Amino acid sequence: ISSNKRSQPKNGSKFPPGPPGKPLVGNLPDIPPKHSWLKFKKWSDQYGPLMRLNIAGREHYVASTEKVANDLLRERGGIYSSREQLPAAVQLLSKNLRPLFWPYNDTWRDGRKFMHQVSNSTVVGNYQATQILESARMLRDLIKDPNNYEHWFERYSAGIIFRLAFGKTLETGHEQSVRNVFNVVHTVERVASPGAYLVDTFPSLLILPQAIAPFKQELAGLHERELKLFRKLLNDVKSEMKAGTAPDCWEKDYLERKAEFPHLNEDEAAYVVGTLFEAGAGTTAAAMMSFMLTMVLHPEWFKKLQQEVDTVCGNDRLPTIDDATQLPIMRAVVKEVLRWRPVTAGGVPHYSIKDDVYNGHFIPAGTNIHANQWAIHREPGLYPDPDSFKPERWLESSYPTYREPLTTYPNLHNYSAFGFGRRICPGQNIAERSLYLLTARIAWACDVGKAEKDGVEVEPPLYDYTSGFNVQPNWFAFDLKARSQERVSVLEKEIEKNGKEDPLKGRM
Ligand code: HEM
């Protein structure tokens, strides 16, 4: 059943506790296909902050406190920074080209080096104009058509990465170019979902020849499609560089400095840039959808946010990212939304490459470590009253998470919502700035409240979320309108000015 031979506990160590499993399949039948983090949290309340699961012979450990996650994934990063090479998503669909799934090796290091160069805290300042431009367009369309909010958030986050990565613009967000990339993203999500392909549970199926294995034929076809797409995005920029017309963008950065990344070939580099889109577009949009839900459920915090933004920015201009230092309530609301409704609620598992012992618990090489954000964000010692949405926990000194000065804290740097250790999200600076900008701008421009049906307020569900590993609330009804015609005029003027100055104007 399992292709892995596990070593046994050494030096008096023991396996950590965990729920009993069944012969052969282990805990597999007890893990719900949707929102497994809720079940993991219940189990960890019973079995402790490092818990062992067996999934059809494979070792899965769940870390449920920030301390355990940091002790292993950060402090012992040399052991816990790899990813399991799952047959369906990693080997057959990605043919080992996708950085999110790369093992901990030189190719991954070069990929991370490039990602760091285009997303570090200094360089992200250069993206302000792009984020301002796309956020203003997002706001205009959100006010016009609030029921389509999911699309406006997705167009914003896809739009900034399209500009930064490929030097292309999106107008409607329905262009074939962006639909193609989103199709690839949805395919990865589906193929990588636990239980989607039998070959992940029974890797010995990999020996079947393609001619008699429909899953192999399907995944080979999907691989060809994504490889062609990522190659084309890179080659478009290459041709423009030859013609001397290429805009500044990440693809161009790579092509100009290729020699600095000797372990990346061109296909791998095309996937590095493609993955920045894949991992960045849906997650930022999902966080914004959770923000809207939370503000509808907690109008008292939306009011506070509006008051703070009005005090700092007044009536005559929209907030910019530079205002964030003076907007601690806004930062606290964003941070609390990510705690209360994490986008990657179950975490992205790391994979260990060496036997290890932690607090007397044996962790064999080849173990998947899930840092369960749902549980980590509900640790009562760190987050008293964890199930309540309480931005004040970041603003008042009586809470353990409070830090000074409030011009710097709270912020999202190295926040557990972005993962742990050497694999921590490389896009966190870009995401942080997008979330600050969008939330402050929505508070400045819009009033938000519960929708009404037949004169009765509609209460959105507390946790009716999509399935998959990036989750967002299922569409829900709410009311959103502009705060005043004057503010809409300020917004329109900003859009007109940005449009005239846009260096990528008309580049689709
Ligand atoms: C609210 C928005 C976002 C959230 C919550 C988020 C969260 C995460 C998490 C939890 C991981 C896994 C970390 C780990 O393995 O410990 C991750 C990885 C990653 N993220 Fe993000 N992310 C966000 C936005 C972005 C953006 C905007 C980009 C790109 C511009 C991005 C690019 C990536 C990439 C490339 C990886 C894979 C890193 C690797 O495996 O080495 N993310 N993200």
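It should be emphasised that the depicted structure is a prediction, and the values quoted were computed from it without experimental measurement.

1. A short note on the pattern of salt bridges
- Across all of its chains, the model carries 39 salt bridges by this definition.
- Among the salt bridges present, the one from Arg52 reaches Glu59, with a minimum N-O distance of 2.7 Å.
- The class of Glu59 is buried, set by a relative accessible area of 4%.
- One salt bridge in this structure joins Arg155 and Asp141, with 2.7 Å as the shortest N-O distance.

2. Brief notes about the coordination of the iron atom of the ligand
- Within the protein, just one atom coordinates the iron atom of the ligand: Cys425 (SG), at a distance of 2.3 Å.
- Position of Cys425 relative to the elements: it lies in the loop between α14 (373–376) and α15 (428–445).

3. Focus: the nonpolar core
- Formed by 128 residues in total, the largest nonpolar core has its most connected members in Trp250, Phe277, Phe291 and Ile442.
- Here this core gets 19 residues from one element, more than from any other, and that element is helix α11 (residues 266–297).
- Once residues within four sequence positions are removed from consideration, Ile442 is found in contact with Met138, Leu139, Leu142, Phe153, Met288, Phe291, Met292 and Phe302.
- With 15 residues, the next largest nonpolar core counts Leu50, Ala69, Ile79 and Tyr358 among its residues.

4. A closer look at helix α5 (residues 128–144)
- Taking 1.5 Å of rise per residue, the 17 residues of α5 would be expected to cover 24 Å, and the 24 Å separating its terminal C-alpha atoms lies within 8% of that figure.
- Counting buried residues along α5, 14 of its 17 residues qualify, which places the element largely inside the surrounding structure.

5. Remarks on the sheet that holds strand β2 (residues 58–63)
- Taken together, the 4 strands give an open sheet; going across it, the order is β1-β2-β6-β3, and neighbouring strands pair in mixed fashion. Edge positions in the sheet fall to β1 (50–55) and β3 (350–351), since each has one partner strand and no second.
- Bridge count between β2 and strand β6 (residues 368–371): 4 bridges; the pairing is parallel. When the bridges of β6 are listed, Tyr61 appears paired with Ile369.
- Lying on the sheet, helix α1 (residues 36–47) is in contact with β1, β2 and β6; it crosses β1 at an angle near 125°.
- The sheet strands contacting helix α2 (residues 66–74) are β1, β2, β3 and β6, and the helix crosses β6 at an angle near 140°.

6. Concerning the layout of surface pockets
- Roughly 980 Å³ of volume is contained in the second largest pocket.
- Those elements that place two or more of their residues in the lining of the second largest pocket are α1, β2, α3 (87–93), α8 (198–201) and β6.
- Its residues assigned to classes, the lining of the second largest pocket shows 19 nonpolar, 13 polar and 5 charged.

7. A short note on the site of the ligand
- As a matter of local geometry, the ligand sits amid 27 residues, with Arg83, Trp108, Arg112, His350 and Cys425 nearest to it.
- Contributions of two or more residues to the shell around the ligand are made by α4 (106–119) and α11.
- A total of 7 residues in the shell around the ligand trace back to one element, the largest contributor, which is α11.
- For the shell around the ligand, the class distribution of residues is 15 nonpolar, 9 polar and 3 charged.

8. Details of the environment of Ile442
- When you line up the elements, Ile442 lands in helix α15.
- Considered as a pair, Ile442 and Gly167 are 275 residues apart in the sequence and their alpha carbons are 27 Å apart.

9. Examining the pairing of strand β7 (residues 446–450)
- Most of β7 is tucked away, with 4 of its 5 residues classed as buried.
- Two elements, β7 and strand β10 (residues 478–482), share 5 bridges in a ladder whose sense is antiparallel. Looking at the pairing, Cys446 lines up with Ala482 of β10.

10. Considerations on the packing of α11 against helix α13 (residues 328–340)
- One way to put it is that α11 packs onto α13 with a least axis distance of 10 Å and a crossing angle of 100°. Between α11 and α13, the crossing angle belongs to the class labelled roughly perpendicular. Facing α11, whose interface residues are Ala287, Ser290, Phe291, Thr294, Met295 and Leu297, α13 presents Val333, Val337, Leu338 and Trp340.
- Looking at the contact of α11 with α13 residue by residue, the class counts come to 8 nonpolar, 2 polar and no charged.

11. Regarding the environment of Thr466
- By secondary structure assignment, the location of Thr466 is in the loop between β9 (456–457) and β10.
- Spatially, the C-alpha atom of Thr466 lies 8.7 Å from that of His35, the residues being 431 residues apart in sequence.
- In contact with Thr466, not counting residues within four places along its chain, are Lys34, His35, Val471, Gln472 and Asn474.

12. Some words on the side chain of Thr344
- Within the secondary structure, Thr344 is located in the loop between α13 and β3.
- Taking relative accessible area as the criterion, Thr344 reaches 13% and is therefore assigned buried.
- Of the polar contacts made by the side chain of Thr344, one reaches the side chain of Gln373; its length is 3.1 Å.
- Residue contacts for Thr344: discarding those within four places in its chain leaves Gln373, Ala417, Phe469 and Asn470.

13. With respect to the packing of α4 against α11
- Interhelical geometry of α4 versus α11 gives an angle of 50° and a closest axis separation of 10 Å. Taken together, α4 and α11 sit at an angle that is classed as oblique. In the packing of α4 onto α11, the handedness of the crossing is right-handed. Mapping the contact onto sequence places Thr107, Gly111, Phe114, Met115 and Val118 in α4 and Glu268, Val272, Val273 and Leu276 in α11.
- A class-by-class count of the residues in the contact of α4 with α11 yields 6 nonpolar, 2 polar and 1 charged.

Rules of the game
- All residue numbers here refer to positions counted from 1 along the written sequence of the relevant chain.
- Given that this is a predicted model, residues contribute local features only at a pLDDT of at least 70 and side-chain atom pairs are listed and counted only at 80 or more, while totals for whole chains, interfaces and linings are drawn from all residues.
- Values reported for side chains reflect all heavy atoms of the structure, with hydrogen atoms and water molecules removed beforehand.
- Think of a salt bridge as a Lys or Arg side-chain nitrogen and an Asp or Glu carboxyl oxygen that are within 4 Å of each other.
- With a 1.4 Å probe rolled over the protein chains alone, any residue whose accessible area is under 20% of its type maximum counts as buried; one over 50% counts as exposed, and the rest are partly exposed.
- Water is absent from the atoms considered, so a metal site may look incomplete; donors are defined as N, O and S atoms within 2.8 Å of the metal, or 3.2 Å for Na, K and Ca.
- Helix numbers and strand numbers start at the N terminus; a helix is a DSSP run of H or I with at least 4 residues, a strand a run of E with at least 2.
- Within this scheme, the nonpolar core is defined by two criteria: the residues are buried Ala, Val, Leu, Ile, Met, Phe, Trp, Tyr or Cys, and they are joined through side-chain atoms within 4.5 Å.
- Any pair of residues with heavy atoms lying within 4.5 Å of one another is described as a contacting pair.
- Under the convention used throughout, the expected extent of a helix is 1.5 Å for every residue step, that is, one less than its residue count.
- Note on pairing: two strands pair once DSSP finds at least 2 bridges between them.
- For helices, the fitted line uses only the C-alpha atoms of the stretch in contact; every axis is such a line through C-alpha atoms, and the angle between N-to-C directions lies from 0 to 180 degrees.
- Only protein atoms enter the 1 Å grid, on which a cavity is a set of points fitting a 1.4 Å probe that cannot get out and a pocket is an open set with protein on both sides within 12 Å along at least 5 of 7 lines, lining residues being those with an atom within 4 Å of a point.
- Grid points are joined across faces, edges and corners, and a volume is the space filled by probe spheres set on the points.
- Put simply, Ala, Val, Leu, Ile, Met, Phe, Trp, Tyr, Cys and Pro go in the nonpolar bin, Asp, Glu, Lys and Arg in the charged bin, and everything else, Gly too, in the polar bin.
- In this text, near means that some heavy atom of the residue lies within 4 Å of the molecule or strand in question.
- Angular relationships are summarised with four words: roughly parallel below 35 degrees, roughly antiparallel beyond 145, roughly perpendicular across 65 to 115, and oblique for the angles in between.
- Think of a polar contact as two N or O atoms within 3.5 Å of one another; within protein, one of them needs to be a possible hydrogen donor and the other a possible acceptor, and neighboring residues in sequence only count if both atoms come from side chains.
- By definition, turning the near helix anticlockwise from the far helix through less than a right angle yields a left-handed crossing, and turning it clockwise yields a right-handed one.

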